[in-house]
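Results of the structural survey
Residues per chain are reported as follows:
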Amino acid sequence: NLHADLPERAGKFFKSQFSKADDGVLVFVGDMSEVDFKKFLQSYMGGFKTVRRRVLKPVVSYQIVSGESTYFVDGDVPGVDVLMSAELPMNPENYMVSQVAVMALKDALTEAVHDTGMYVSVKDAFPVYPYERLCVTISASPASIDGLPQGTARRRPVRVLMKMRSAMSDLAASGISQEKLSLYKAVLQNRWDSLQKDPGYWLAVISGRFAGGKDMQSRYSECISSVDAAKVQDVLQLLQDGSRIEYVTKSF
């Protein structure tokens with residue numbers, strides 16, 4: 001579709017998008033003084049038109065289904081992928097608890113697969129639309145043969161999945177020790193402190209505050225301090241009892 005009239009069509013598109021600037025928020029992060037920036041901004045604000053209306057997100061009726069589903073597929077690289085999801089209100093306290101829970105989950109899974117010739121990666125997300133929930137994606141992939149201890153044999157992906165299931169179940173049932181809790185909270189505090197000078201972080205935080213009504217910055221130290229082992233175990237149990245999809249990839 002890159003025809004000769006592309007500039008004209010693009011111009012119409014951008015004119016349409018920027019004709020309703022009251023439907024959004026402009027966020028600027030930088031080291032320019034506020035007075036100088038306001039003078040600079042005045043040269044451009046006339047290009048942002050308004051239509052005096054707001055577009056609200058529609059309400060979506062969606063119910064998550066608890067339980068697990070397991071699929072076996074063929075692929076070039078053997079591995080295990082697990083997606084876990086649990087309903088959890090996204091507030092600063094729950095967010096910090098979830099971060100500690102994800103760190104504990106990663107350590108438990110890493111320990112569980114250490115002798116299988118696989119390594120584990122864990123990613124988390126906290127979507128708020130169409131409803132607030134915690135999502136955790138876990139992937140187990142073959143480790144480089146050169147980095148494995150001598151005598152380590154690669155296990156079949158289905159055996160790795162069994163180990164992962166057992167580790168997640170045990171962690172949800174037993175929780176974490178006070179020693180590990182202190183370690184995870186210190187790591188989380190250092191991580192958040194280091195983000196305070198990152199412009200990209202501030203763009204994300206401020207955008208989330210205006211677009212989603214979530215303030216994850218104001219009391220972050222207080223929220224990290226309030227994390228305790230019982231709250232972490234509650235989140236781990238929610239994930240254990242929530243929705244789970246498992247993919248086991250078998251190599252040809």
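Calculation criteria
- Going along each chain's sequence as written, the residues are numbered from 1 onward.
- Where totals are concerned, whole chains, interfaces and linings use all residues; where local detail is concerned, this predicted model gives features only for residues with pLDDT of at least 70, and gives and counts side-chain atom pairs only at 80 or more.
- Only hydrogens and water are set aside when side-chain values are computed; all heavy atoms of the structure are taken into account.
- Secondary structure elements are taken from DSSP: a helix is a run of H or I of four residues or more, a strand is a run of E of two residues or more, and numbering for both begins at the N terminus.
- A radius of gyration in this sense is built from C-alpha atoms; the matching globule rule multiplies 2.2 Å by the number of residues raised to 0.38.
- For every residue, the accessible area obtained with a 1.4 Å probe (protein chains only) is divided by the maximum for its type, and the residue is called buried under 20%, exposed over 50%, and partly exposed between those limits.
- What makes two residues a contact is simply this: any of their non-hydrogen atoms within 4.5 Å.
- Working definition of accessibility: Shrake-Rupley area with a 1.4 Å probe, residue cover restricted to the visible protein chains.
- In summary, the charge assignment counts Lys and Arg as positive and Asp and Glu as negative, without counting His or the chain termini.
- A single reference atom marks each charge: NZ on Lys, CZ on Arg, CG on Asp, CD on Glu.
- As a per-residue measure, pLDDT reflects the predictor's confidence and takes values from 0 up to 100.
- Strands were regarded as paired on the criterion that DSSP finds at least two bridges between them.
- Only the stretch in contact is used when fitting a helix axis, every axis being a line fitted to C-alpha atoms; angles between N-to-C directions are given from 0 to 180 degrees.
- By the definition adopted for this analysis, an angle is roughly parallel if under 35 degrees, roughly antiparallel if over 145, roughly perpendicular if from 65 to 115, and oblique otherwise.
- Here the term charged refers only to Asp, Glu, Lys and Arg, the term nonpolar to Ala, Val, Leu, Ile, Met, Phe, Trp, Tyr, Cys and Pro, and the term polar to all other amino acids, Gly among them.
- Planes of paired rings set the category: under 30 degrees apart is stacked, over 60 is edge-to-face and the rest tilted, where pairs are Phe, Tyr or Trp rings (Trp by its six-membered ring) whose centres lie within 6.5 Å.
- Whether a charge lies above a ring is judged from NZ of Lys or CZ of Arg, which has to be within 6 Å of the ring centre and within 35 degrees of the ring normal.
- Within this scheme, the nonpolar core is defined by two criteria: the residues are buried Ala, Val, Leu, Ile, Met, Phe, Trp, Tyr or Cys, and they are joined through side-chain atoms within 4.5 Å.
- Here the expected span of a helix is defined as 1.5 Å times the quantity of residues minus one.
- As used here, the arc is the angular range of directions from the helix axis to the C-beta atoms.
- What qualifies as a polar contact is a pair of N or O atoms within 3.5 Å, subject to a donor-acceptor requirement within protein and to the restriction that residues adjacent in sequence count only when both atoms come from side chains.
- Handedness of a crossing is defined here by the sense of rotation of the near helix relative to the far one, left-handed for an anticlockwise turn of less than a right angle and right-handed for a clockwise turn.

Some thoughts on the overall build of the protein chain
Along the protein chain, the regular secondary structure elements total eight helices and five strands. Written out in order from the N terminus, the α and β elements of the protein chain read α-α-β-β-α-β-β-α-α-α-α-α-β. Here the C-alpha atoms of the protein chain give a radius of gyration of 23 Å, more than 25% beyond the 18 Å that 2.2 N^0.38 yields for 252 residues. Dimensions of the protein chain, computed from the C-alpha atoms along their principal axes, are close to 70 × 50 × 40 Å. Here the protein chain holds 252 residues, and 31% of them are scored as buried. Restricting the contact set of the protein chain to residue pairs at least 6 apart, pairs at least 24 apart contribute 81%. Carbon and sulfur atoms make up 55% of the accessible area of the protein chain, which totals about 16000 Å². Distance between charge centroids for the protein chain: 5 Å, based on 30 positive and 29 negative side chains.

Points about the confidence of the model for the protein chain
Predicted coordinates in regions of low pLDDT should not be interpreted in detail. Mean pLDDT for the protein chain: 89, with 93% of residues reaching 70 or above. Here helix α6 (residues 199-212) stands out as the least confident element of the protein chain, with mean pLDDT 88; helix α5 (residues 178-195) is the most confident, with 97.

A few points about the sheet that holds strand β1 (residues 67-75)
As summarised here, the arrangement of the five strands in space is β1-β5-β2-β4-β3, forming an open sheet in which the pairing is mixed. Of all the strands in the sheet, just β1 and β3 (118-125) have a single pairing partner and so form its edges. Strand-to-strand twist of the sheet, defined as the mean angle between neighbouring strand axes without regard to direction, takes the value 15 degrees. The sheet contact formed by strand β2 (residues 79-87) and strand β5 (residues 243-251) spans seven bridges and is antiparallel. Residue pairing across strands places valine 80 opposite valine 248, the latter belonging to β5. Strands in contact with helix α8 (residues 229-241) are β2, β4 (133-142) and β5; relative to β2, the strand with the most contacts, it is inclined by about 115 degrees.

Some thoughts on the packing of helix α3 (residues 92-112) against α8
Viewed as axis vectors pointing N to C, α3 and α8 meet at an angle of 70 degrees, and their least axial separation amounts to 9 Å. Classified by the angle their axes make, α3 and α8 are roughly perpendicular. Here α3 contributes Val97, Ser98, Val100, Ala101 and Leu105 to the contact with α8, which in turn contributes Lys231, Val232, Val235 and Leu236. Its residues placed into classes, the contact of α3 with α8 shows seven nonpolar, one polar and one charged.

Focus on the packing of aromatic side chains
Tallying each qualifying case throughout the model produces nine aromatic pairs. An angle of 85 degrees between the planes, with centres 6.3 Å apart, marks the rings of tryptophan 192 and tyrosine 201 as edge-to-face. Across this residue pair, the class does not change: tryptophan 192 and tyrosine 201 are buried. The side chain of arginine 133 reaches across the aromatic face of tyrosine 131, ending 5.0 Å from its centre.

Considering the pairing of β5
Taken together, the nine bridges between β1 and β5 define a ladder with parallel strand orientation. Within β5, the position partnered with threonine 70 by the bridge is glutamate 246.

Considering the nonpolar core
Residues Met96, Val100, Leu109, Ile138, Met164 and Val232 are the most contacted members of the largest nonpolar core, which totals 51 residues. Broken down by element, the residue count for this core peaks at 11 residues, all from α3.

A few points about α8
Every α-helical turn comprises 3.6 residues, leaving residues that sit three or four positions apart pointing alike. For α8, built from 13 residues, the straight-helix expectation of 18 Å at 1.5 Å per residue is met to within 8% by its first-to-last C-alpha distance of 18 Å. Residues of α8 that are buried include every one of Ala229, Val232, Val235, Leu236 and Leu239, and no others. Down the axis of α8, the buried side of the element spans an arc of 125 degrees, and every buried residue falls inside it. Packing partners of the buried residues in α8 comprise β2, α3, β4, α4 (157-174) and α5. Capping the start of α8 is the job of one residue whose side-chain oxygen sits 3.2 Å from the backbone nitrogen of alanine 230: aspartate 228.

Overview of the packing of α3 against α4
Direction vectors running N to C along α3 and α4 enclose 140 degrees, while the axes themselves pass 9 Å from each other. Relative to α4, the element α3 lies oblique. Here α3 runs over α4; the crossing is right-handed. On α4, the residues that touch Ala104, Leu105, Ala108, Leu109 and Ala112 of α3 are Lys163, Met164, Ala167, Met168 and Leu171. The residue makeup of the contact of α3 with α4, split by class, is nine nonpolar, no polar and one charged.

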